[in-house]
Amino acid sequence: MKTFTPATVALAAALALGACSSPSADSLAQNDPWERTNRDIFDFDMAVDHAVARPIAKGYRTVVPQFARDSVHNALNNLNSPAILANDVLQGDGDKAGDTFGRMVINSTIGLGGLIDVAGKMGIPRHENDFGVTLGKSGAHEGSYLVLPFIGPRPPRDLVGGVVDVAFDPLTYAQFHGDDTWMAIRFGVGVLDIRTANLDAVETIERSSIDFYATTRNLYRQSRNALINAGTDRADDLPNL
């Protein structure tokens, strides 16, 4: 299985830096004992976003037609279906598992590998799910809030969930010529797709927030809690941070 080395290294670095500072009472109240370090990493991530990710996302939205961007988005969603299905099953949600399996079969075949969301047009809804949500539904706590370089908010529960979701993806084990390059391109296009989808929302939040870090922390938790508590409609209204 391909490893999750970047996240592991980032976590170790963040924890080491966080150990050097004493948390304030407010940080502890927010379950954010590494807030000082988290803020520094958040500022770094935003600097990278402003210098690299945001301009590329704006260029992508300007140059690539909407229908082509939608096709890329649909294909990425289809590639994520096995992990979603695994978590639907683990959560014992037969209805959602049936929807996910049906969407995966229909879109992978009639939908030309997921480029066209035929299942959606047939009335089979898509939903988000991951192992972090599975852990949350089973009662696991988020853990201390954590921001990682290049990754953003990723508390321990969701960091572990991300590693397990990689293991749920059949392509993790696929061996073919250029498989590492394929996975890197898939990851990069996935980041671009998410960043493009949230361009306007993130800019609006950044302009209107007195404390952008605290607002991001609150929105991240709201989004995750909405998924865990089955409030999928509410989660869909929140930007993917």
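Scroll up for the structure.
Residues numbered from 1 in each chain as written. Predicted model: local features only at pLDDT ≥ 70, side-chain atom pairs only at ≥ 80, totals over all residues. Heavy atoms only, no water.

Caption draft 1: Focus on the packing of aromatic side chains. Applying the stated criterion to the full structure yields six aromatic pairs. Pairing phenylalanine 42 with phenylalanine 212 gives two aromatic rings, centres 5.4 Å apart and planes at 65°, and the pair type is edge-to-face. Placement of phenylalanine 42 in helix H3 (residues 35-63) and of phenylalanine 212 in helix H12 (residues 212-228) is noted, with a sequence separation of 170 residues between them. Accessibility expressed as a relative area gives 14% for phenylalanine 212, which makes it buried. (Phe/Tyr/Trp six-rings, centres within 6.5 Å; stacked < 30°, edge-to-face > 60°. Helix = DSSP H or I, 4+ residues; strand = E, 2+ residues; numbered from the N terminus. Buried < 20%, exposed > 50% of the residue type's maximum accessible area, 1.4 Å probe, protein only.)

Caption draft 2: Examining the side chain of aspartate 165 more closely. With respect to the helices and strands, the residue aspartate 165 is situated in helix H9 (residues 156-168). For the buried aspartate 165, no salt bridge is present, and the opposite-charge side chain at shortest range is arginine 224, 6.8 Å distant. Polar contacts involving the side chain of aspartate 165 include one to the side chain of asparagine 87, which spans 3.1 Å. Within polar-contact distance, the side chain of aspartate 165 engages the backbone nitrogen of phenylalanine 131 at 3.1 Å. In contact with aspartate 165, other than residues within four places in its own chain, are Ala83, Asn87, Asp130 and Phe131. (Lys, Arg positive; Asp, Glu negative; His and termini not counted. Salt bridge = Lys/Arg side-chain N within 4 Å of Asp/Glu carboxyl O. Polar contact = N/O pair within 3.5 Å; in protein donor to acceptor, adjacent residues only side chain to side chain. Contact = heavy atoms within 4.5 Å.)

Caption draft 3: Focus on the nonpolar core. Counting residues in hydrophobic clusters, the biggest one holds 11 residues: Ile41, Phe42, Met46, Tyr145, Val147, Val202, Ile205, Phe212, Tyr213, Leu219 and Tyr220. Secondary structure elements with two or more residues in this core: H3, helix H11 (199-208) and H12. Broken down by element, the residue count for this core peaks at four residues, all from H12. With sequence-adjacent residues up to four places away left out, phenylalanine 212 is seen in contact with Phe42, Met46, Val202, Ile205 and Glu206. (Core = buried A, V, L, I, M, F, W, Y, C linked by side-chain atoms within 4.5 Å.)

Caption draft 4: Fine view of the pattern of salt bridges. Taken as a whole, this structure holds 17 salt bridges when the rule is applied. For arginine 54, the salt bridge is made with glutamate 203, and the minimal N-O distance between the two is 4.0 Å. One end of the pair, arginine 54, is in helix H3; the other, glutamate 203, is in helix H11, with 149 residues separating them in the sequence. Among the residues examined, glutamate 203 registers a relative accessible area of 15% and is labelled buried. Residues arginine 186 and aspartate 169 are paired through a salt bridge, measuring 2.6 Å at the closest nitrogen-oxygen approach. Pair noted here: arginine 186 is in helix H10 (residues 179-197) and aspartate 169 is in the loop between H9 and H10, with a separation of 17 residues, a long-range link. Summarising the burial analysis for this pair, arginine 186 and aspartate 169 share the class buried. Each member of the salt-bridge network shares a partner with another, and the members are Asp49, Arg54, Lys58, Arg195, Glu203 and Glu206.

Limitation: the analysis is restricted to geometry and does not speak to function.
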